[in-house]
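Results of the structural survey
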Amino acid sequence: MPLDKVKSIINDIKSGNTKPIYFLMGEEPYYIDGISKYIEEKVLSEEEKGFNQMVLYGRDISIEDIISNAKRYPMMAEKQVVIVKEAQDLSRTIENLAGYADNPQPTTVLVLCYKYKTLDKRKKLAKTVAKTGVLFESKKLYDNQVPDWIIRVLAGKGYTITPKAAQMLVEFLGNDLNKINNELEKLQLIIKAGEQITPQLIEENIGISKDFNNFELQNAIGAKDIKKAFAIIQYFSQNQKNNPLVMTVALLYSFFSKLLKYHALTNKGDAAKALGVNPFFIKDYQTAARNYPMKKVSAIISAIREVDMKSKGVGAANLPQADLLKELLVKIFN
């Protein structure tokens with residue numbers, strides 16, 4: 001998991017084992033920002049930073065500028081730090097850094113933040129950085145991996161969170177780790193270390209309804225609680241901005257696809273691992289499996305696909321969101 005690699009990099013820096021190059025790349029900016037921020041704040045003392053720390057931006061410089069600054073010697077300090085933010089703006093010429101990476105200045109800590117892109121690992125620059133420094137790829141987490149990430153991040157800070165509360169955050173914020181971390185930091189300001197983050201706390205302080213959300217709709221459908229399911233979609237129809245149809249359809253499709261897989265498992269004891277879900281939620285699949293046999297699940301998946309197409313204007317003349325959801329529930333429950 002990227003979090004483990006990040007901890008390893010940070011621990012090496014803490015112990016004084018800095019590398020001459022940190023090439024931080026990939027689709028997930030959260031880890032790139034985290035590592036570069038730690039280096040920016042911790043490698044040099046405040047007194048040393050004035051002469052020995054420089055922040056550059058890819059859109060304003062060239063590879064030659066980076067090399068020139070990196071080859072400077074520190075003043076009244078053992079090291080200098082050169083951080084290049086938005087280095088992806090130099091993607092066309094980035095391979096020209098390979099010569100420097102092959103023989104980097106030992107008294108320089110050069111950090112390149114290469115967001116939303118990756119180096120071609122078959123080319124010289126990636127191979128060289130991997131030998132002389134740190135080549136770190138920050139990959140996006142899948143939605144089903146984010147709740148465990150939330151639990152681990154909070155545990156490292158002395159907090160706990162209920163599985164439902166973690167799932168609510170993912171449903172509302174997706175897999176954008178920066179957004180999730182910002183909300184978690186807000187919650188940490190109002191609760192004491194050691195306290196648990198609950199759905200109630202999230203509803204009161206972030207504005208996500210603990211009773212009327214896609215997660216609760218999924219549970220109501222799984223339990224065949226018809227009254228509750230229709231109440232939730234009625235709430236959605238009155239709050240469409242915060243409850244877009246595309247999110248609801250995507251979550252239900254994922255749930256019933258996993259339910260189909262659950263039916264096919266010969267060893268239900270391995271269900272959590274096979275489905276990629278927290279063991280806490282397996283009871284929801286057990287309940288749904290009793291209510292929806294495999295053949296019915298297949299028909300529901302087809303109905304979800306049909307509603308998805310209609311929501312995009314295929315086979316329907318701009319039907320309201322509420323009508324599409326009601327149509328889907330009727331097909332699910334009948």
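An account of the accompanying structure is given in this report. For every chain, the first residue of the written sequence is number 1, and numbering continues from 1 along that sequence. Residue-level local features of this predicted model are given only where pLDDT is at least 70; pairs of side-chain atoms are given and counted only at 80 or more, and the full residue set underlies all totals for whole chains, interfaces and linings. Side-chain calculation: all heavy atoms of the structure are included, whereas hydrogens and water are not.

1. Side note on the sheet that holds strand β3 (residues 80-85)
Applicable threshold: In this analysis, strands are considered paired if DSSP registers two or more bridges between them. A run of DSSP states H or I qualifies as a helix once it reaches four residues; a run of E qualifies as a strand once it reaches two. Both are numbered from the N-terminal end. Fitted lines through C-alpha atoms give the axes, limited to the stretch in contact for helices. The angle between two N-to-C directions lies from 0 to 180 degrees. By definition in these notes, contact holds between two residues if any of their heavy atoms fall within 4.5 Å.
Here we have five strands laid out as an open sheet, ordered β2-β3-β4-β1-β5, and parallel in their pairing. Every interior strand has two partners, whereas the edge strands, β2 (53-57) and β5 (134-137), have only one. Here the average twist between neighbouring strands, direction ignored, is 10°. Those strands touched by helix α1 (residues 2-14) are β1 (21-26) and β5, and its axis lies near 150° from that of β5.

2. Focus on the pattern of salt bridges
Stated precisely, the cut-off is as follows: Just to be clear on terms, a salt bridge is a Lys or Arg side-chain nitrogen sitting within 4 Å of an Asp or Glu carboxyl oxygen. Only protein chains enter the accessibility calculation, which uses a 1.4 Å probe. A residue is then buried if its area is under 20% of the maximum for its type, exposed if over 50%, and partly exposed in between.
Per the counting criterion, the structure on display carries 17 salt bridges. Ionic pairing is found between Lys-310 and Glu-306, a salt bridge with its closest N-O pair at 3.5 Å. Highlighted residues: Lys-310 and Glu-306, both in helix α16 (residues 294-311), separated by four residues, approximately one helical turn. We classify Lys-310 as buried; its relative accessible area is 15%. The closest approach of N and O atoms between Glu-327 and Lys-331, which form a salt bridge, is 3.5 Å. Of the two residues, Glu-327 and Lys-331 both sit in helix α17 (residues 321-333), four residues apart, roughly one turn of that helix. One salt-bridge network, in which partners are shared between bridges, spans Glu-306, Lys-310, Glu-327 and Lys-331.

3. Description of unusual backbone geometry
The backbone phi angle of Glu-86 is positive, close to 55°, even though this residue is not glycine. The residue Glu-86 is located in the loop between β3 and α5 (98-102) in this model. Among the residues examined, Glu-86 registers a relative accessible area of 25% and is labelled partly exposed. Of note in the backbone geometry, Lys-224 takes a positive phi value of approximately 55° without being a glycine. One can find Lys-224 in the loop between α11 (214-222) and α12 (226-238). You can call Lys-224 partly exposed: its relative accessible area is 36%.

4. Details of the packing of helix α8 (residues 163-173) against helix α10 (residues 199-206)
Our working rule: Side-chain classes are defined by residue name, with Ala, Val, Leu, Ile, Met, Phe, Trp, Tyr, Cys and Pro counting as nonpolar, Asp, Glu, Lys and Arg as charged, and the others, Gly among them, as polar.
Relative to each other, α8 and α10 sit at 35°, their axes nearing to 8 Å. Contacts between α8 and α10 involve Lys-164, Ala-165, Met-168 and Leu-169 from the first element and Pro-199, Ile-202 and Ile-206 from the second. Class assignment of the residues belonging to the contact of α8 with α10 gives a composition of six nonpolar, no polar and one charged.

5. Observations regarding a nonpolar patch on the surface
Cut-off, in case you're wondering: Note that patches include only residues with greater than 30% relative accessible area and no salt bridge, and the join distances are 9 Å for like charges and 5 Å for nonpolar side chains (Val, Leu, Ile, Met, Phe, Trp, Tyr). With residues, only the protein chains shown are counted as cover, and all accessible areas are computed by Shrake-Rupley using a 1.4 Å probe.
A cluster of nonpolar side chains, contributed by Phe-51, Met-75 and Met-76, occupies part of the molecular surface with about 370 Å² of accessible area. Position of Met-75 among the secondary structure elements: in the loop between α4 (63-70) and β3.

6. As for the side chain of Gln-105
Mapping Gln-105 onto the fold places it in the loop between α5 and β4 (108-115). On the basis of relative accessible area, Gln-105 is assigned to the buried category, the value being 12%.

7. Here we look at helix α6 (residues 124-132)
Applicable threshold: Directions pointing from the helix axis toward each C-beta atom define the arc.
Among the residues of α6, Leu-125, Ala-126, Thr-128 and Val-129 are the ones counted as buried. Summarising the axial view, the buried residues of α6 lie within an arc of 165°, below the 170-degree limit, and thus occupy one face. Facing away from the buried side of α6, by more than 90 degrees, are the exposed residues Ala-130 and Lys-131. Where the residues of α6 are buried, they touch β1, α5 and β5.

8. Details of the packing of aromatic side chains
Definition in use: A pair of aromatic rings is counted whenever rings of Phe, Tyr or Trp (Trp by its six-membered ring) have centres within 6.5 Å, and the orientation is called stacked for planes under 30 degrees apart, edge-to-face for over 60 and tilted otherwise.
Counted under the stated rule, the structure contains eleven aromatic pairs. For the pair Tyr-30 and Tyr-31, a centre-to-centre distance of 5.4 Å together with 75° between the ring planes defines the contact as edge-to-face. Both residues of the pair, Tyr-30 and Tyr-31, count as buried. Taken together, a centroid distance of 6.5 Å and an interplanar angle of 80° make the contact between Tyr-31 and Phe-136 edge-to-face. Of this pair, Tyr-31 sits in helix α2 (residues 29-42) while Phe-136 sits in strand β5, and the two are 105 residues apart along the sequence. Its relative accessible area of 2% is what places Tyr-31 among the buried residues.

9. Let's talk about the nonpolar core
For the record, the criterion: Only buried residues count toward a nonpolar core. Its members are Ala, Val, Leu, Ile, Met, Phe, Trp, Tyr and Cys residues joined through side-chain atoms within 4.5 Å.
Residues Trp-149 and Ile-150 are the most contacted members of the largest nonpolar core, which totals 46 residues. Ile-221, Leu-252, Leu-325 and Leu-329 belong to the second-largest nonpolar core, a separate cluster that totals 37 residues.

10. A word on α2
An α-helix turns once every 3.6 residues. As a result, residues three or four positions apart point the same way. Rules: The span one expects for a helix is its residue count, reduced by one, times 1.5 Å. In the analysis that follows, any N or O atom pair within 3.5 Å is treated as a polar contact, provided that within protein one partner can donate a hydrogen and the other can accept it, and provided that, for residues neighboring in sequence, both atoms belong to side chains.
For α2, which comprises 14 residues, the first-to-last C-alpha distance of 20 Å matches the rise-based estimate of 20 Å (1.5 Å per residue) to within 8%. Among the residues of α2, Pro-29, Tyr-30, Tyr-31, Ile-32, Ile-35, Ser-36, Tyr-38 and Ile-39 are the ones counted as buried. Measuring from the side-chain oxygen of the N-cap residue of α2 to the backbone nitrogen of Tyr-30 gives 3.0 Å; that N-cap residue is Glu-28.

11. Observations regarding the environment of Arg-152
In this fold, Arg-152 is placed in helix α7 (residues 146-156). Through-space distance from the C-alpha of Arg-152 to that of Leu-3 is 9.0 Å; in sequence the pair is 149 residues apart. Here Asp-4 takes part through its side chain, which lies 2.5 Å from a polar atom of the side chain of Arg-152.

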